Structures are given as C-alpha cells and as structure tokens.
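Residue-level structural notes
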Amino acid sequence: MAERLTVGIDVGGTKTAAVLLSGTGEVLATATEPTNRSGTPQQCADHAVALTDRLLRTIDCPRSSLDAVGVGLPGLIAPDRTFRDSIILPTWRNVDFRSCLEPRLNLPVVIDNDATMAALGHLASLSEGQRPHCLVCLTLGTGVGGAVLVEGAPMRGPDGTAGQIGHTTVDPTGHRCECGALGCLNAYASGTAITSRYRQLRANSGSDGEKSGAGETLNLEESLRRNDPLARRALDEAVRALVISISGVVNVLNPEVVVLGGGVASLGPTLVDPVQTGVSQRSFPVPAQRVRICQAAHGPLTGAIGAAVTAARPERSGHKDPL
C-alpha cells in the first residue's frame, strides 16, 4: 500500500510556508512564498492549491496520494472553524475557508489558527514522555499570535478567542495596537513593532533609516550582532513586554513550556535567554522554576508542520478540545 501523505500550509503576515509530510512525520518537501495580505479568500485558496501541487511535483506524486491538507490562518477562528477576523488579513470577515478550499482540492481540509498549528507542530517534536500538561505558544511575526494546549488539545473558549496572548495588556497607557486597544503585547513584541521602534530610535538619534521590505528583521539581527545600542534597546523593550505578559500567563496557567516562534524567534538565545531570566524573576517562584522558554522546534516551518500533523490526525481539531 502506498504511503499516505499530508500537506500543511501556514499563512503568515509576510510569508506562506508549506510542507509535505510523510505518514511517519518526515518532511519530504517544503516551499515558502510571499503572502498577499490584500488577497481574497478565493485567491488564498488558489494559492494553497498551487503550493500543494508544487510540493507534490517535487517528489513526483499525484494529488491522489494525499490524505488531507491542513491550513493555519492568522486570525480569530470560531469554534466551528470559521475565520472570524484578523488584523493580518483585514479584508476577511466570517470566512468559511474550508468550504472555499475543499472543492478545489477534492480532499479533506482542516483549518485552525496559525499559532495553534505552531503549538501542535512543536508538540509533535516531543516524545510522549516529554509532552507537557500545558504548553503555551507565542508566534512573534508580523503580529503576535498565541495558543494554549492542555493535554495536547487547544484551549479555545466558547467564542474561540482563548489563547490570544498577543492582545494581553503590558502597558495600559502605552502604544496603540492595530486592534485598537492601548498597550497590547502585539504593539511591542511583533517583528513589525520591534523594527518600527528601532527605526524610531535611529531617527531620534539622527541615524540613517533602514531600508524597508523583507530584510527588516534581518537588518535588526545584523545590528544586534554589531552591538548597535539602539537595536539592543528596541529588543530590550520587546523582551520587557514579553516578560510581563508571559509571567502573567505562568501565574495563571502554570505551563511547563512556553514556545517562541515566528521570525523574531530566529534571534535564538539573544531573545530566549533574557525572557527566561525575566520570567523566572517575575513569576510566582514555584511555577517560575518549572517553566522552560524555548524556540519553536522546526523554526519557520513549525506552523506548517503542525498543520500537516493536524491534517493527518484531524481528531486534534475535533470536539474534544477543552474550553
């Protein structure tokens, strides 16, 4: 019997990543392309089909080899998996994306929030004995996404908004977030926010502005390597916001693991170590000793892998989720 395959697609604010996963969890092919944030759901569905077929061509397999496709979307997902709204895809409102994509592929499609898919992707990298009771995931990209897994299942809440840690308040009189509120974590710790703050500091100091575009996060990373004090200050402000938010989560949920994903997490120990130190100092002592802050296991592909794993095991997106 031929091996059954799944595809996972992670739609981000900047890039869309896709993976082809074997039945044993091996990544057989990957693809990454820019995200069209102004595109319609129909255009996004067409893009998902094209990515799926591109991955299959890489290993010379027909679409009939696929069992299912999983898609992580950057926005609020209702309990029935309808895409409710998003600051990342601002033109999308109450979209049934599964019904949009399934007829194009003629395959089962599983839809979930992108941070939830990233959390599941990281969880899939752990052995049964390593899996925590509670895992929290923050995706630090164009925006800050969040997800909470309890015993491996996503915590959603009756309205599907549980886990939105990116919109917890870190400064009630602080920067205005794209959601309209003041002082959200998203306004301090997203890649967009950190780069914007770095540019502001440079402008205030009379330094030349950075070029805009896909290299923004890389420019910040290079500046940190050069020990640029303004880059360090921008990152320190983001770390402070992360510590405030994550410490609150640690006190409330007592997670064993907090995963940092998205483009900002590519900074590695430069980001993770001060967040771990700060959370250990700010949280209740006992849960602070337990919690471990870490990078997402598969880097920028963690969300896509989580989507593929979820497609292979759709019961993870079924009705067994805790509220």
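One structure accompanies this document, and this report is about it.

Thresholds applied
Residues numbered from 1 in each chain as written. Predicted model: local features only at pLDDT ≥ 70, side-chain atom pairs only at ≥ 80, totals over all residues. Heavy atoms only, no water. Salt bridge = Lys/Arg side-chain N within 4 Å of Asp/Glu carboxyl O. Helix = DSSP H or I, 4+ residues; strand = E, 2+ residues; numbered from the N terminus. Buried < 20%, exposed > 50% of the residue type's maximum accessible area, 1.4 Å probe, protein only. Axes fitted to C-alpha atoms, helices over the stretch in contact; angles between N-to-C directions. Parallel < 35°, antiparallel > 145°, perpendicular 65-115°, else oblique. Left-handed = near helix turned anticlockwise from the far one by under 90°. Contact = heavy atoms within 4.5 Å. Pairing = 2+ DSSP bridges. Core = buried A, V, L, I, M, F, W, Y, C linked by side-chain atoms within 4.5 Å. Phe/Tyr/Trp six-rings, centres within 6.5 Å; stacked < 30°, edge-to-face > 60°.

Scanning all chains against the criterion turns up 11 salt bridges. One salt bridge in this structure joins Asp-46 and Arg-104, with 2.7 Å as the shortest N-O distance. On the criterion of sequence distance, the pair formed by Asp-46 in helix H1 (residues 41-58) and Arg-104 in helix H2 (residues 97-105) is long-range, its members being 58 residues apart. Between Glu-237 and Arg-197 there is a salt bridge, with the nearest N and O atoms lying 2.7 Å from each other. Residue Glu-237 is located in helix H7 (residues 229-253), and its partner Arg-197 is located in helix H5 (residues 191-205); the two are separated by 40 residues in the primary sequence. The exposure class assigned to Glu-237 is partly exposed, which follows from its relative accessible area of 25%. Each of Arg-197, Arg-233 and Glu-237 takes part in one network of salt bridges that share partners.

Located in the positive-phi region is Asp-60, a residue other than glycine, with phi close to 55 degrees. With respect to the helices and strands, the residue Asp-60 is situated in the loop between H1 and strand E4 (66-73). Positive phi, normally seen in glycine, also occurs at Asn-254, with a value near 55 degrees. You can see Asn-254 is positioned in the loop between H7 and strand E11 (257-261).

Here we take up the packing of H5 against H7. Where H5 contacts H7, the two axes come as close as 9 Å, and the packing angle between them is 140 degrees. Compared by their axis directions, H5 and H7 come out oblique. In this structure, the crossing between H5 and H7 has a hand that is right-handed. Each of Ile-194, Arg-197, Tyr-198, Leu-201, Arg-202 and Ser-205 in H5 lies in contact with H7, whose residues at this interface are Leu-230, Ala-231, Arg-233, Ala-234, Glu-237 and Ala-238.

This brings us to the sheet that holds strand E12 (residues 292-295). If you walk across this open sheet you meet the five strands as E10-E9-E8-E11-E12, and the pairing is mixed. Of all the strands in the sheet, the pair left with one neighbour each is strand E10 (153-154) and E12. As paired elements, strand E8 (residues 134-140) and E11 share five bridges and run parallel to each other. Its bridge partner lying in E11, Thr-139 is registered against Gly-261. This element, H7, spans E8, strand E9 (144-150), E11 and E12 of the sheet and lies at about 160 degrees to E8.

It is worth spelling out the nonpolar core at this point. In terms of nonpolar packing, the biggest core is built from 44 residues, with Leu-138, Leu-185, Leu-242, Ile-246, Leu-260 and Leu-271 touching the most fellow members. Within the residue set of this core, elements represented by two or more residues are E8, E9, helix H4 (186-189), H5, helix H6 (216-225), H7, E11 and helix H8 (269-282). Broken down by element, this core gets its largest block of residues, 13 residues, from H7. Ignoring anything within four residues of it in the chain, the contact list for Leu-242 reads Leu-138, Leu-140, Leu-185, Ala-189, Ser-247, Leu-271 and Val-275. Judged by nonpolar contacts, the second largest core, of 32 residues, contains Ile-9, Ala-18, Ile-88 and Trp-92.

Turning our eyes to something else, we now look at the sheet that holds strand E7 (residues 109-113). Read across the open sheet, the five strands follow the order E3-E2-E1-E4-E7; overall the sheet is mixed. Across the chains shown, the open sheet's two edge strands, defined by having one partner strand only, are strand E3 (27-34) and E7. With direction set aside, neighbouring strand axes in the sheet form an average angle of 15 degrees. Sheet topology note: the E4/E7 ladder contains five bridges and is parallel. Within the sheet, the bridge partner assigned to Val-71 lies in E7 and is Ile-111. Contacts from H2 reach E4 and E7, with the element oriented near 150 degrees to E7.

What follows covers the packing of aromatic side chains. Per the counting criterion, the structure on display carries two aromatic pairs. Residues Phe-83 and Trp-92 carry aromatic rings whose centres are separated by 5.1 Å and whose planes lie at 70 degrees to one another, so their mutual orientation is edge-to-face. In this structure Phe-83 comes out as buried when scored by relative accessible area, which is 0%. Trp-92 gets classed as buried once you look at its relative accessible area, which sits at 1%.

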